[in-house]
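One-letter residues, chain by chain:
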Amino acid sequence: MRLQIGTVVCAVAGKEKNQFYLVTGLEGKFVFLADGKHRPLEKPKRKNIRHIRPTSELWETDGLSNKELRRKLREYAAKGGI
């Protein structure tokens, strides 16, 4: 699957392993990830593309708040994620 802004991904390496994030930006071999809590939309985490696993979920990011993002990611993880 091709990564794009709005893709939900799962971290497979690092201290945030097995957590879900939303892709907010792309830069070469890096992506910028937000979860709405530890990494808000205003200050996303830069992560190597090799350390994430994309899901089939693609969400609209326009008008998305940190609170909504947290809720959506929590619900997605509760459903079993990937």
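Scroll up to find the structure this text is about.
Residues numbered from 1 in each chain as written. Predicted model: local features only at pLDDT ≥ 70, side-chain atom pairs only at ≥ 80, totals over all residues. Heavy atoms only, no water.

### Structural notes on the overall build of the protein
In terms of regular secondary structure, the protein is built from one helix and five strands. Helices and strands appear in the protein in the N-to-C order β-β-β-β-β-α. Expected size for 82 residues packed as a compact globule is a radius of gyration near 12 Å; at 11 Å, the protein falls within 12% of this value. When its C-alpha atoms are laid out on the principal axes, the protein stretches across 30 × 25 × 25 Å. Split into buried and exposed, the 82 residues of the protein put 37% on the buried side. (Helix = DSSP H or I, 4+ residues; strand = E, 2+ residues; numbered from the N terminus. Rg over C-alpha atoms; globule rule 2.2 N^0.38 Å. Buried < 20%, exposed > 50% of the residue type's maximum accessible area, 1.4 Å probe, protein only.)

### Topic: the packing of aromatic side chains
In total, this model carries two aromatic pairs according to the counting rule given. For the ring pair Phe-20 and Tyr-76, a centre distance of 5.2 Å and an interplane angle of 85° mean the geometry is edge-to-face. Of this pair, Phe-20 sits in strand S2 (residues 20-27) while Tyr-76 sits in helix H1 (residues 66-78); the two residues are 56 residues apart in sequence, bridging distant segments of the chain. In this structure Phe-20 comes out as buried when scored by relative accessible area, which is 15%. For Tyr-76, a relative accessible area of 6% corresponds to the buried category. (Phe/Tyr/Trp six-rings, centres within 6.5 Å; stacked < 30°, edge-to-face > 60°.)

### Some remarks on the layout of surface pockets
By volume, the largest pocket is sized at about 180 Å³. Together, Gln-19, Phe-20, Asp-35, Lys-37, His-38, Arg-70, Leu-73, Arg-74 and Ala-77 line the largest pocket. Here the lining of the largest pocket gets four residues from one element, more than from any other, and that element is H1. Partitioning the lining of the largest pocket into residue classes produces three nonpolar, two polar and four charged. (1 Å grid on protein atoms, 1.4 Å probe; cavity = no way out; pocket = protein on both sides within 12 Å on 5 of 7 lines; lining within 4 Å. Points joined across faces, edges and corners; volume = space filled by probe spheres on them. Nonpolar A, V, L, I, M, F, W, Y, C, P; charged D, E, K, R; others polar.)

### Digging into the side chain of Asp-35
Checked against the element boundaries, Asp-35 lands in the loop between strand S3 (30-34) and strand S4 (45-48). Only 3.1 Å separates the side chain of Asp-35 from the backbone nitrogen of His-38, close enough to count as a polar contact. Of note is the side chain of Asp-35, whose polar atom sits 2.8 Å from the backbone nitrogen of Arg-39. (Polar contact = N/O pair within 3.5 Å; in protein donor to acceptor, adjacent residues only side chain to side chain.)

### Structural notes on the sheet that holds S2
Spatially, S4-S3-S2-S1-S5 is the arrangement adopted by the five strands of the open sheet, whose pairing is antiparallel. The open sheet is flanked by S4 and strand S5 (52-58), the only strands paired with a single partner. Across the sheet, the mean angle separating the axes of adjacent strands is 45° when strand polarity is ignored. Pairing of strand S1 (residues 7-11) with S5 involves four bridges; the strand directions are antiparallel. In the strand pairing of S5, Ala-11 is matched with Ile-52. (Pairing = 2+ DSSP bridges. Axes fitted to C-alpha atoms, helices over the stretch in contact; angles between N-to-C directions.)

### Comments concerning H1
The terminal C-alpha atoms of H1, which comprises 13 residues, lie 18 Å apart, in line with the 18 Å expected from a rise of 1.5 Å per residue. The positive-phi residue at the C-terminal boundary of H1 is Gly-80, with phi of around 110°. (Expected span 1.5 Å × (residues − 1).)

Read these as layout, nothing more, since geometry by itself doesn't imply function.
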